[in-house]
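# Fold and contact review
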Amino acid sequence: NSHSFIVPKNQSLVSSKNIFYTANVLSNRSPQLSSSLFIDIGYDDFSADYEYKNMIVVDFNGNLVGRVINESISSNGSLVQLINDVNSRVIVDKRGVLNSTALLVPFNSSRFELIGSNNYKMKVGDTLFTSYKSDIYSKNIPVCKVVSVDKLDKNTGFKKINVEPLADFKNLEYVFVIESNFENSRVKY
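Figured I'd write up the structure that's included with this text. Predicted model, so just to flag it, every value in this text is computed and none were measured. (Residues numbered from 1 in each chain as written. Predicted model: local features only at pLDDT ≥ 70, side-chain atom pairs only at ≥ 80, totals over all residues. Heavy atoms only, no water.)

## Looking at the sheet that holds strand 2 (residues 36-39)
- Strand order in the closed barrel formed by 6 strands is 1-2-5-4-3-12, and the pairing between neighbours is antiparallel. Between one strand axis and the next, the sheet turns through 40° on average, direction left out of account.
- As paired elements, strand 3 (residues 54-58) and strand 4 (residues 64-68) share 3 bridges and run antiparallel to each other. In the strand pairing of strand 4, Ile 56 is matched with Arg 67. (Pairing = 2+ DSSP bridges. Helix = DSSP H or I, 4+ residues; strand = E, 2+ residues; numbered from the N terminus. Axes fitted to C-alpha atoms, helices over the stretch in contact; angles between N-to-C directions.)

## Details of the sheet that holds strand 9 (residues 127-130)
- Taken in spatial order, the 6 strands line up as 6-7-8-11-10-9 and close into a barrel, and their pairing is antiparallel. Averaged over all adjacent pairs, the angle separating strand axes in this sheet is 45°, with direction ignored.
- Bridge count for strand 6 (residues 90-93) against strand 7 (residues 101-106) is 4 bridges, and the pairing is antiparallel. Bridge pairing links Ile 91 to Leu 103 in strand 7.

## Things to note about the environment of Ile 56
- When you line up the elements, Ile 56 lands in strand 3.
- Among the residues examined, Ile 56 registers a relative accessible area of 1% and is labelled buried.
- Counting along the chain gives 123 residues from Ile 56 to Glu 179, while the straight-line C-alpha distance between them is 6.5 Å.
- Setting aside its immediate chain neighbours within four residues, Ile 56 contacts Leu 64, Gly 66, Ile 136, Tyr 137, Ser 138, Ile 141, Phe 176, Val 177, Ile 178 and Ser 180. (Buried < 20%, exposed > 50% of the residue type's maximum accessible area, 1.4 Å probe, protein only. Contact = heavy atoms within 4.5 Å.)

## Side note on unusual backbone geometry
- One non-glycine residue, Asn 140, lies in positive phi territory at about 70°.
- For Asn 140, the location among the structural elements is in the loop between strand 9 and strand 10 (142-149).
- Looking at Asn 140, the relative accessible area reads 27%, which means it is partly exposed.

This is how it looks when you write it as structure tokens:
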């Protein structure tokens, strides 16, 4: 038996407890109309205790795409909730900068806003990563790039920051699924 591991290009999520899978994207409806996609691997492919783990989905560059919805896994396929879903909750931060966390909120299929009081350190061109404060995603997965920063709103004291995702949802043919032992809210009985 020979084993080979495919690691997302130029990115590594190092943990002896993570398992990486490659998956073909079977249906990727228009990202303008859909905030999910279907992949060709399911519970027959995952580990025995996959349902107690976070199933993180990244593109071939290691950029965050979304997560597998555990309730939607069949024997040979899974539904992936994209980060542009209105119900998606991705907490991002500027890597290495204290107090720079914000919540990613979809504005449309390719633009997002950041909400949070700690976004004042973010500038146009910054790449933002999943935060250590997330209960779903491992930290330091690339998510988005800051495309505009509006002036401080006098009423709220916050800047309006627009970002665009690094993953190209329109052209996904295959993805990597990371089965992560990262702690989450599920309880094993």
